[in-house]
Amino acid sequence: LGHNSSFLQGPAFAPPRIREAIWCGSTNATTEEGKELNDPRVLTDVGDVPVQELRDCGVDDDRLMHIISESVKLVMEEDPLRPLVLGGDHSISFPVVRAVSEKLGGPVDILHLDAHPDIYHAFEGNKYSHASSFARIMEGGYARRLLQVGIRSITSEGREQGKRFGVEQFEMRSFSKDRDLLENLKLGEGVKGVYISLDVDCLDPAFAPGVSHIEPGGLSFRDVLNILQNLQANVVAADVVEFNPQRDTVDGMTAMVAAKLVRELTAKISK
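If you check an unreviewed UniProt entry, the protein appears there as arginase from Escallonia herrerae. Recorded in UniProt for the protein, the comment headed Catalytic activity (unreviewed entry) runs: "L-arginine + H2O = urea + L-ornithine". Quoted verbatim from the Sequence similarities (unreviewed entry) heading of the UniProt record, the comment on the protein is "Belongs to the arginase family. Agmatinase subfamily."

The following block contains the structure:
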């Protein structure tokens with residue numbers, strides 16, 4: 001899904017590149033914690049939602065978001081599958097989180113890693129914009145807590161919306177002070193689980209140049225892994241979004257970065 005991007009629609013082309021990089025022969029199929037991705041009990045690919053084909057048939061965004069939510073619910077009916085969704089732009093998070101919350105019967109806690117808060121009411125008049133996904137999530141009551149980490153491009157509206165919804169926003173300018181807290185998070189007590197939304201541009205562009213919105217001053221790759229690997233939580237679903245292959249450099253470097261994020265999220269989610 002890419003048409004809700006405000007700048008470039010390249011993230012629509014990311015999923016096949018990420019899949020290819022996951023199984024690239026330059027690395028092995030074992031995660032850092034020792035889980036084997038070749039084991040279908042750890043990672044199973046259930047295919048694609050045909051987003052562009054649906055749009056070509058005249059399906060509008062309200063209906064498309066409903067189809068995405070229902071598709072995620074279908075996956076969750078196959079116990080013990082848990083959805084790990086490849087974007088695409090960040091607008092995908094709204095229908096996925098909605099599906100997870102509705103299927104589990106209550107709100108989740110969300111750990112959101114991103115350079116941007118994506119909480120505009122309706123960016124450029126589009127309520128489904130990739131810059132508005134978390135406004136829709138919070139309005140719908142699908143999340144109890146929303147922690148946003150890596151923020152370094154935020155407007156006054158982003159801060160006001162954060163206060164309105166009680167969002168915990170951790171900006172990069174204070175990351176050194178917040179590091180110990182963020183690398184020892186415990187989330188999900190009293191709710192249905194934890195959802196992780198990982199925008200590749202949370203990383204400094206030195207690590208991941210293949211993104212639409214290049215924002216210097218971000219997290220290192222190891223910063224992100226420390227946050228994910230040390231997180232104490234029942235992670236019930238996740239997404240990896242906003243990788244743009246059309247802006248990637250150095251022979252698919254960002255594709256490998258996105259794939260490693262998927263691999264390590266898989267280790268975190270799988271039981």
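Read on, since the account is not over.
**Student:** Is there a simple way to explain helix α1 (residues 14–22) in this structure?
**Tutor:** An α-helical segment advances 3.6 residues per turn. Residues three or four places apart therefore align on the same side. Along α1, the residues classified as buried are Ala-14, Pro-15, Ile-18, Ala-21 and Ile-22. Seen end-on, α1 carries its buried residues on one side only, within an arc spanning 130 degrees. In α1, the exposed positions angled more than 90 degrees off the buried face are occupied by Pro-16 and Glu-20. Next to the buried residues of α1 lie β1 (84–86) and α9 (253–269).

**Student:** In this structure, what is going on with the packing of aromatic side chains? I would like to understand it.
**Tutor:** The description of an aromatic ring pair uses the distance of the two centres, along with the angle that the planes make with each other. Counted under the stated rule, the structure contains three aromatic pairs. With a centroid separation of 6.5 Å and 50 degrees between ring planes, the pair formed by Phe-94 and Tyr-142 is classed as tilted. Pair noted here: Phe-94 is in helix α4 (residues 93–104) and Tyr-142 is in the loop between α5 (133–139) and β3 (143–151), with a separation of 48 residues, a long-range link. The same class applies to Phe-94 as to Tyr-142, namely buried.

Rules and cut-offs
Residues numbered from 1 in each chain as written. Predicted model: local features only at pLDDT ≥ 70, side-chain atom pairs only at ≥ 80, totals over all residues. Heavy atoms only, no water. UniProt positions renumbered as here; feature names shortened; annotations may be inferred. Buried < 20%, exposed > 50% of the residue type's maximum accessible area, 1.4 Å probe, protein only. Helix = DSSP H or I, 4+ residues; strand = E, 2+ residues; numbered from the N terminus. Arc of directions from axis to C-beta. Contact = heavy atoms within 4.5 Å. Phe/Tyr/Trp six-rings, centres within 6.5 Å; stacked < 30°, edge-to-face > 60°.

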